[in-house]
Amino acid sequence: MADDDSRYFVREIEKSDGCILNIKQCYLGDVGCVVWDAAIVLAKYLETKHFHDPSSGVNAWAGKSVLELGAGTGVVGLMAATMGAHVTVTDLEDLQTLLRLNIKENQMHIRSGSITAKVLKWGDVSDMPPPHYVLLADCIYYEESVGPLVETLRFIAGPDTCIICCYEQRTEGVNPRVEQRFFELLQQNFSCEEIPLEKQDPEFSSPDIHILHIRRKSCD
């Protein structure tokens, strides 16, 4: 256990019901080993009244199939699972240990939902039924991965799938070009709606972090 403690540090994410998600992050590793701000913004957005309002009995996540791409630590998928969704969190092979560890650490908060981790490399997609929701947090990052990411979205999104993409807009280096290329490719088959700040979590939101609802164009 001492070895685990030396490898990981914990980020606590408080849910609106007072439960605490304990998300382990790695001291050493690639970008997927830590909780990025966009992941927290998206996780808290899933709790907003548009989706989840216990006082009026609204829960858009209950019983829904959810696929998270580039899940990293798994915090976004875990949030959906705690609200009753059946979630598959996906990332590359080297992040599976961290994903499974965080699932185990937070399993006590998942009652009616479920969550499993799976290896998925963008562009290499096996047959799967279209999920109700696809979640993406800060996945518009590497120039070489933009094409495979959009190809994966085209493959897995059905006509009724809602893709919720949250990303931090970065203005340095290749980031603006990467974002531009992503949207150029995306708009060939999908339409995008940006969610205004007033519809996001009032505390966990930022003008630099954008949330989009993306749907397949009906003519596709």
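Structure report, in brief.

Rules behind the numbers
- Residues numbered from 1 in each chain as written.
- Predicted model: local features only at pLDDT ≥ 70, side-chain atom pairs only at ≥ 80, totals over all residues.
- Heavy atoms only, no water.
- 1 Å grid on protein atoms, 1.4 Å probe; cavity = no way out; pocket = protein on both sides within 12 Å on 5 of 7 lines; lining within 4 Å.
- Points joined across faces, edges and corners; volume = space filled by probe spheres on them.
- Helix = DSSP H or I, 4+ residues; strand = E, 2+ residues; numbered from the N terminus.
- Nonpolar A, V, L, I, M, F, W, Y, C, P; charged D, E, K, R; others polar.
- Buried < 20%, exposed > 50% of the residue type's maximum accessible area, 1.4 Å probe, protein only.
- Pairing = 2+ DSSP bridges.
- Right-handed = clockwise from strand over helix to strand, strands pointing away.
- Axes fitted to C-alpha atoms, helices over the stretch in contact; angles between N-to-C directions.
- Contact = heavy atoms within 4.5 Å.
- Expected span 1.5 Å × (residues − 1).
- Arc of directions from axis to C-beta.
- Parallel < 35°, antiparallel > 145°, perpendicular 65-115°, else oblique.
- Left-handed = near helix turned anticlockwise from the far one by under 90°.
- Phe/Tyr/Trp six-rings, centres within 6.5 Å; stacked < 30°, edge-to-face > 60°.

### Details of the layout of surface pockets
Quantified by volume, the second largest pocket comes out at close to 160 Å³. If you trace the second largest pocket, you find it lined by Ser 65, Val 66, Leu 67, His 86, Thr 88, Lys 118, Met 128, Pro 129 and Pro 131. Those elements that provide at least two residues to the lining of the second largest pocket are β5 (65–69) and β6 (86–91). Considering each element in turn, the lining of the second largest pocket owes the most residues, three residues, to β5. Broken down by class, the residue content of the lining of the second largest pocket amounts to five nonpolar, three polar and one charged.

### Observations regarding the pairing of strand β8 (residues 133–137)
Counted residue by residue, β8 has five buried out of five residues, so it is predominantly covered. In β8, alternate side chains face the same way, and those of Tyr 133, Leu 135 and Ala 137 on one face and Val 134 and Leu 136 on the other are all buried. Where β8 meets strand β9 (residues 162–168), five bridges bridge the pair, whose relative direction is parallel. Note that in β9 the partner of Leu 135 across the bridge is Ile 164. Traced from β8 through helix α5 (residues 146–156) to β9, the parallel crossover comes out right-handed.

### Remarks on the sheet that holds β5
Strand order in this open sheet of seven strands is β7-β6-β5-β8-β9-β11-β10, and the pairing throughout is mixed. Looking along the sheet, the strands with just one partner apiece sit at the ends: β7 (114–119) and β10 (190–194). Between one strand axis and the next, the sheet turns by 20° as a mean value, whatever way the strands run. Taken together, the four bridges between β5 and β6 define a ladder with parallel strand orientation. For Ser 65, the partnering residue across the bridge sits in β6 and is His 86. With respect to the sheet, helix α4 (residues 96–105) is in contact with β6 and β7, its orientation differing from that of β7 by roughly 175°.

### Here we look at helix α6 (residues 175–186)
Taking 1.5 Å of rise per residue, 12 residues should cover 16 Å, and α6 covers 16 Å from first to last C-alpha, within 8% of that figure. Residues Asn 175, Val 178, Glu 179, Phe 182, Phe 183, Leu 185 and Leu 186 constitute the buried set of α6. All buried residues of α6 project into a common sector of 160° when viewed along the axis, lining one side.

### A word on unusual backbone geometry
Positive phi, normally seen in glycine, also occurs at Asp 138, with a value near 55°. For Asp 138, the position within the fold is in the loop between β8 and α5.

### Let's talk about the pairing of strand β11 (residues 209–216)
Taking burial as the measure, the eight residues of β11 include seven buried ones, the bulk of the element. Bridge count for β9 against β11 is six bridges, and the pairing is antiparallel. Residue pairing across strands places Ile 163 opposite Ile 214, the latter belonging to β11. For β10 and β11, the ladder comprises five bridges, and the chain directions are antiparallel. Bridge assignment links Ser 191 to a residue of β11, and that residue is Arg 215.

### What to know about the packing of α5 against α6
Helices that pack against each other are described as a pair by the angle of their axes relative to one another and the distance between those axes. At a minimum axis distance of 10 Å, the contact between α5 and α6 shows a crossing angle of 30°. In terms of orientation, α5 lies roughly parallel with respect to α6. Considering how the two elements wind past one another, α5 and α6 form a crossing that is right-handed. Contacts between α5 and α6 involve Val 146, Gly 147, Leu 149, Val 150 and Leu 153 on the former and, on the latter, Val 178, Arg 181, Phe 182, Leu 185 and Leu 186.

### Brief notes about the packing of aromatic side chains
Here the structure, examined in full by the defined rule, presents eight aromatic pairs. Consider the rings of Tyr 45 and Phe 51, whose centres lie 5.2 Å apart with planes at 85°: the pair is edge-to-face. Judged by relative accessible area, Tyr 45 falls into the buried class, the value being 2%. With a centroid separation of 5.7 Å and an interplanar angle of 55°, the aromatic rings of Tyr 167 and Phe 183 are classed as tilted. Of the two residues, Tyr 167 sits in strand β9 while Phe 183 sits in helix α6, which places them 16 residues apart along the sequence.

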